[in-house]
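# Observations on the model geometry
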Amino acid sequence: MITENEARHLMHEAVDGLDPTPGSLGAIRTSARRRSRQRRWVISGVAVATAAAAVAAVVTFAGTTSPRRPSLRVLGPPAVNGWTPIVASPGPAGSVKVWTGHEFVAAGTCCSTDVAHDLHAYNPDTRRWRDLPPTPLSARGSPLGVWTGKVVIVAGGDGTDASGVYGQLRDGAAVNPVTGQWHRIAPAPDGFSFQSASAVWTGKEMLIWRSAEGLSAGGDERVMAYNPGADTWRELPPSGLSVRLGAAVVWTGRGLFVWGGWTRESQASRLPDGALLDPQTGTWTPVAPAPIANRATPAAAITPGGVFVWGGDGPNGEQLADGATFDPASNSWRTLPAGPMAPTNNPHAAWTGHEVFVAGQHVDVAASVVSFSSAAFDLATSTWHAVPAPPGEGDAQTVHMLEFVGWTGTDVLLVQTSTPVVGGVTNVSDDRLDGFTWTPVDSNTGRRSSTTEAKPPGATNSDQARQSCGAVPFTATASSQGAFNVTATGTDCTTALSVAGASKGRNGGAYTFADFSCPQGSPSSTTGMAFWSYRCTSGPAQVLFDEQG
Amino acid sequence: MTLVGGTGVDTDTELADLYHRHYRDLLRLAALLLDDPSACEDVAQEAFIRVLGRLDRIREPELTLAYLRQTVVNLSRSTLRRRLVAMRHDRSQPREHQSPEEAGHAAVQRAAIVLALQKLPRRQREAVVLRFYGDLTEAQTAEAMGVSVGSVKSSTSRGLTALGSHLEALR
């Protein structure tokens, strides 16, 4: 323990040489004036927005050429370069970001410990956000979140517990986004901290891997698994890897892949090793040496070909533009061919059922300008091809940070944090989530790419996981249609194929089958043939497919 | 000094007065509270911008400093996590020459006491910094942190103990 006077002396010694940047007063003055003008604009804009909302409430019918049925479409900001904008979230950006198979669910506060971590859900079909019912959890910053196929689990975070003590919280709760019902879950074991942890859903458990608790912070590696069926926690052995941050953490379908990162002592370090956990046996296997440079924070996604790893921060702090795939079954790597993407910051990747979609940012810090790069890698042919990049953000009034790239079954979903900048100051408490969606089109057929999402290697046919169920055979006559590329989430393939098969003869119309409700299909552009994309739901369970007419 | 806006008093003059009296101290306070001292300028500027926009609602001028201090504490909390992510961007920007201010930030970053403070839980860090760097009373610290005086007492005591251990480990 040190004395109060020693602490006082050391703190003054450390910061008393710190002086304001020249021009600070001018920057404050300019920002204050600009923000004052913005407030006035917002107030006067309410009336305009009200009128605009009345206009936007009018719906249009699109695709009315016979025999297609009319499709209800919601007006919104126009697409740019094929990318449809996502309107800003109703609350600040948060740490929870999951795709539920129907909606993108995100938390409403990022890092304030003073505000409840309420959730919002974005529906790409309606292009609208909605608020989920208030969380029963106390105010907290940065909890973890996973989607189980039925509920979103939110756990941990830092805040004040019931006795008024501030620290890492161990409690959590789960919400069913369809019913809006929350229930609390058993707290994590004493002494476990969620800080800087990563969470994945294994199909049965929420698996949490934590190494260092933060930069220059304490903490040892710990692994926890929460079983929502039994409402119990169990601790798994650590990998023995050196303590780290910025590692790639991916659920492979059978195990947890942890690779790369930097040490908590030095952000300049790049770690070359990794390990693979089998949560059933609790055993870790060292990952074979990679054929690519050490790196931290690469894009990583599970594909039928293994774990796709691309880009990231290289050994000298540079941004990398290469990658490799790791096959967990053979514990071996395969180097990716060179691609069309330049090195980017903050890369993310998602498997779309055909390809790996990769996106990253180019950041001009001085101008606060962000532009995107994107490309797709075809596993079957082992080739890259360029895809339209999301629109760049060319103003200096907002800083954008890519946070999430996912696949909805039909669209790439790209979500970023947009933080206002006023006078060179980023106003993090006013940040919002927004972004874009993009529908890939098959270059050969001209139709939308399929909605299949292949099982990860070794994955079981868990009815909780999204799985590709194949197709319903069809005969291409005027009166007989079939469904193909059937994808199931939260139900088994037998049921999913039956639901899809029941669409025969509907010609795009709405129908119900068993407990599944199938609203009328959306028409797709085709090369000479008509298609309808269906999204059938029964509670959180979902069946996606195209029907050919 | 009149701190009531909209009464004909020159807001620029008010701002300059506030700035010269408090900005430097609040900048240094933020440097001790943050895990990335280079963000202290952002936090201090933002605190001033926010308070300036609310001067007409601050009825007692002597409370302005308390309000500024509380805003710095709140902004430091919300900036912690964002800084971790933002560092990814910063690393890609090579900087050959450091300005004197950047050199000052780097010196703060290297100081053992700053590294030791960063290892403390946030509440203990805030209590120790506000009590012994800010020289606030326990009641003022509690107000700035938004907690009870009892919580300040326990956080300060635990914080000093942990700080000593962390400093020892760094030596």
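None of the values given here were measured: they were computed from a predicted structure. (Residues numbered from 1 in each chain as written. Chains lettered and ligands numbered in written order. Predicted model: local features only at pLDDT ≥ 70, side-chain atom pairs only at ≥ 80, totals over all residues. Heavy atoms only, no water.)

Quick look at the overall build of chain A now. When helices and strands are tallied, chain A shows three helices and 41 strands. Per-residue burial for chain A yields a buried fraction of 53% across its 549 residues. A separation of at least 24 residues holds for 51% of the contacts in chain A among residues at least 6 apart in sequence. For chain A, the exposed area adds up to about 21800 Å²; of that, 54% sits on carbon and sulfur atoms. (Helix = DSSP H or I, 4+ residues; strand = E, 2+ residues; numbered from the N terminus. Buried < 20%, exposed > 50% of the residue type's maximum accessible area, 1.4 Å probe, protein only. Contact = heavy atoms within 4.5 Å. Areas by Shrake-Rupley, 256 points an atom, 1.4 Å probe, with all protein chains shown as cover.)

Further remarks concern the overall build of chain B. Of the regular secondary structure elements, chain B holds eight helices and zero strands. Along its sequence from the N terminus, chain B presents helices and strands in the succession α-α-α-α-α-α-α-α. Taking all 171 residues of chain B together, the buried fraction comes to 56%. Nonlocal contacts in chain B, meaning residues at least 24 apart in sequence, comprise 67% of its contacts between residues at least 6 apart. Summed over its atoms, the accessible surface of chain B is roughly 7300 Å², and 48% of this surface lies on carbon and sulfur atoms.

Quick look at the pattern of salt bridges now. Residue and element names in this part refer to chain A. Taken as a whole and judged by the stated rule, the model has 17 salt bridges over all chains. In this structure, Arg234 engages Glu205 in a salt bridge whose closest nitrogen and oxygen atoms are separated by 2.8 Å. Taken together, the residues span a long stretch of sequence, with Arg234 in strand S18 (residues 232-236) and Glu205 in the loop between strand S15 (198-201) and strand S16 (206-210) at a distance of 29 residues. Residue Glu205 is classed as buried on the basis of its relative accessible area of 8%. (Salt bridge = Lys/Arg side-chain N within 4 Å of Asp/Glu carboxyl O.)

All names here are of chain A. The buried fraction of strand S24 (residues 306-313) is high, at eight of eight residues. Taken together, the five bridges between strand S23 (residues 299-303) and S24 define a ladder with antiparallel strand orientation. In the strand pairing of S24, Ala299 is matched with Trp310. Counting the residues that bridge the hairpin from S23 to S24 gives two residues. Sheet topology places S24 next to strand S25 (residues 319-327); six bridges connect them, and they run antiparallel. Paired with Gly312 across the strands is Leu320, a residue of S25. (Pairing = 2+ DSSP bridges.)

Further remarks concern helix H7 (residues 138-145) of chain B. Within H7 of chain B, the full set of buried residues consists of Thr141, Ala142, Ala144 and Met145 of chain B. Each buried residue of H7 of chain B sits inside an arc of 165° when the element is viewed along its axis, so together they form one side. (Arc of directions from axis to C-beta.)

With that settled, consider the sheet that holds S16 of chain A. Residues and elements named next belong to chain A. Within the open sheet, the four strands sit side by side as S15-S16-S17-S18. Their pairing is antiparallel. Either end of the sheet is taken by a strand with one partner, and the two such strands are S15 and S18. Direction aside, neighbouring strands of the sheet carry axes that sit 20° apart on average. (Axes fitted to C-alpha atoms, helices over the stretch in contact; angles between N-to-C directions.)

We now examine the sheet that holds S25 of chain A. All names here are of chain A. Spatially, four strands are ordered S23-S24-S25-S26 in an open sheet, and the strand pairing comes out antiparallel. Only two strands of the sheet have a single partner each, and these edge strands are S23 and strand S26 (332-335). On average, each strand axis in the sheet is inclined to that of its neighbour by 25°, with strand direction left out of account.

Moving on to the nonpolar core. Core analysis: the largest hydrophobic core is formed by 57 residues, its most contacted members being Met11 of chain A together with Phe48, Ile113, Leu117 and Leu163 of chain B. Counting residues per element, this core draws most heavily on helix H1 (residues 11-33) of chain B, which supplies twelve residues. Beyond its immediate sequence surroundings of up to four residues, Leu163 of chain B is in contact with Ile2 and Ala7 of chain A together with Ile113, Ala116, Leu117, Leu120 and Val128 of chain B. The next biggest cluster of nonpolar side chains, apart from the first, holds 18 residues, and it includes Ala188, Ala197, Trp201 and Ile208 of chain A. (Core = buried A, V, L, I, M, F, W, Y, C linked by side-chain atoms within 4.5 Å.)

The next point concerns the packing of helix H1 (residues 4-15) of chain A against helix H6 (residues 122-133) of chain B. Packing of H1 of chain A against H6 of chain B leaves a shortest axis separation of 9 Å and a crossing angle of 90°. When the axes of H1 of chain A and H6 of chain B are compared, the pair comes out roughly perpendicular. Of the residues in H6 of chain B, those touching H1 of chain A at Glu4, Arg8, Met11, His12 and Val15 of chain A are Val128, Val129, Arg131, Phe132 and Tyr133 of chain B. (Parallel < 35°, antiparallel > 145°, perpendicular 65-115°, else oblique.)

It is worth spelling out the packing of aromatic side chains at this point. Inspection of the entire model under this criterion finds 23 aromatic pairs over all chains. Clustering of aromatic rings is evident, with ring pairs tying together Trp83, Phe357, Phe436 and Trp438 of chain A. (Phe/Tyr/Trp six-rings, centres within 6.5 Å; stacked < 30°, edge-to-face > 60°.)

We now examine the packing of H6 of chain B against H7 of chain B. Residue and element names in this part refer to chain B. Two elements in contact, H6 and H7, have axes whose closest approach is 10 Å; the angle formed by their N-to-C orientations is 135°. It follows from the interaxial angle that H6 and H7 lie oblique. For the crossing formed where H6 meets H7, the hand is right-handed. Residues Arg123, Glu126, Ala127, Leu130 and Arg131 of H6 pack against Glu138, Thr141, Ala144 and Met145 of H7. (Left-handed = near helix turned anticlockwise from the far one by under 90°.)

Before going further, it helps to spend a moment on the environment of Ser89 of chain A. Mapped onto the elements, Ser89 of chain A comes out in the loop between strand S3 (83-86) and strand S4 (97-99). For the pair Ser89 of chain A and Arg128 of chain A, spaced 39 residues apart in sequence, the C-alpha to C-alpha distance is 8.8 Å.

Quick look at the pairing of strand S34 (residues 432-438) of chain A now. Residue and element names in this part refer to chain A. Counting buried positions along S34 yields six of seven residues, so the element is predominantly enclosed. Bridge analysis of S3 against S34 gives four bridges, and the strand direction is antiparallel. Note on S34: the bridge partner recorded for Pro85 is Phe436.

Let us look at the environment of Thr439 of chain A. Residue and element names in this part refer to chain A. Topologically, Thr439 is positioned in the loop between S34 and strand S35 (467-468). Note: C-alpha distance between Thr439 and Trp83 (356 residues apart in sequence) is 7.8 Å. Within the structure, Thr439 has its side chain in polar contact with the side chain of Asp411 (distance 2.2 Å). (Polar contact = N/O pair within 3.5 Å; in protein donor to acceptor, adjacent residues only side chain to side chain.)

Now for unusual backbone geometry. Most of the time, phi is negative for any residue but glycine, and the peptide bond is trans. Residues and elements named next belong to chain A. Within the chain, Asp231 stands out as a residue other than glycine whose phi angle is a positive 55°. Here Asp231 is to be found in the loop between strand S17 (222-227) and S18. Located in the positive-phi region is Thr297, a residue other than glycine, with phi close to 45°. With respect to the helices and strands, Thr297 occurs in the loop between strand S22 (283-286) and S23. Assessed through its relative accessible area of 10%, Thr297 is described here as buried.

A few words now on the confidence of the model for chain B. Residue and element names in this part refer to chain B. Of the residues in chain B, 68% have a pLDDT of 70 or more, and the chain-wide mean is 74. Here residues 83-97 is a poorly scored stretch, pLDDT under 50, and it has 33 contacts once near neighbours within four places are set aside; other chains count. Across the assembled chains, the prediction reports ipTM 0.84 with pTM 0.59. (pLDDT = per-residue confidence, 0-100.)

Let us look at H1 of chain A. Residue and element names in this part refer to chain A. In this model H1 runs 17 Å from its N-terminal to its C-terminal C-alpha over twelve residues, within 8% of the 16 Å that 1.5 Å per residue would give. Taken residue by residue, H1 has Ala7, Leu10, Met11, Ala14 and Val15 as its buried positions. Projection of H1 onto a plane perpendicular to its axis shows the buried side chains occupying an angular sector of 110°, all on one side. Of the exposed residues in H1, the ones pointing more than 90 degrees away from its buried face are Asn5 and Glu13. (Expected span 1.5 Å × (residues − 1).)

Residues and elements named next belong to chain A. On average, residues of chain A carry a pLDDT of 77, and 74% of them reach 70 or more. Note that pLDDT drops below 50 for residues 38-75; the model gives that stretch 41 contacts with residues more than four away or on any other chain. This model gives residues 475-480 a pLDDT under 50, and the stretch forms three contacts once residues within four places in sequence are excluded.

Moving on, we come to the side chain of Glu205 of chain A. Only 2.8 Å separates the side chain of Glu205 of chain A from the side chain of Arg234 of chain A, close enough to count as a polar contact. Residue contacts for Glu205 of chain A: discarding those within four places in its chain leaves Val200, Ala225, Tyr226, Asn227, Pro228 and Arg234 of chain A.

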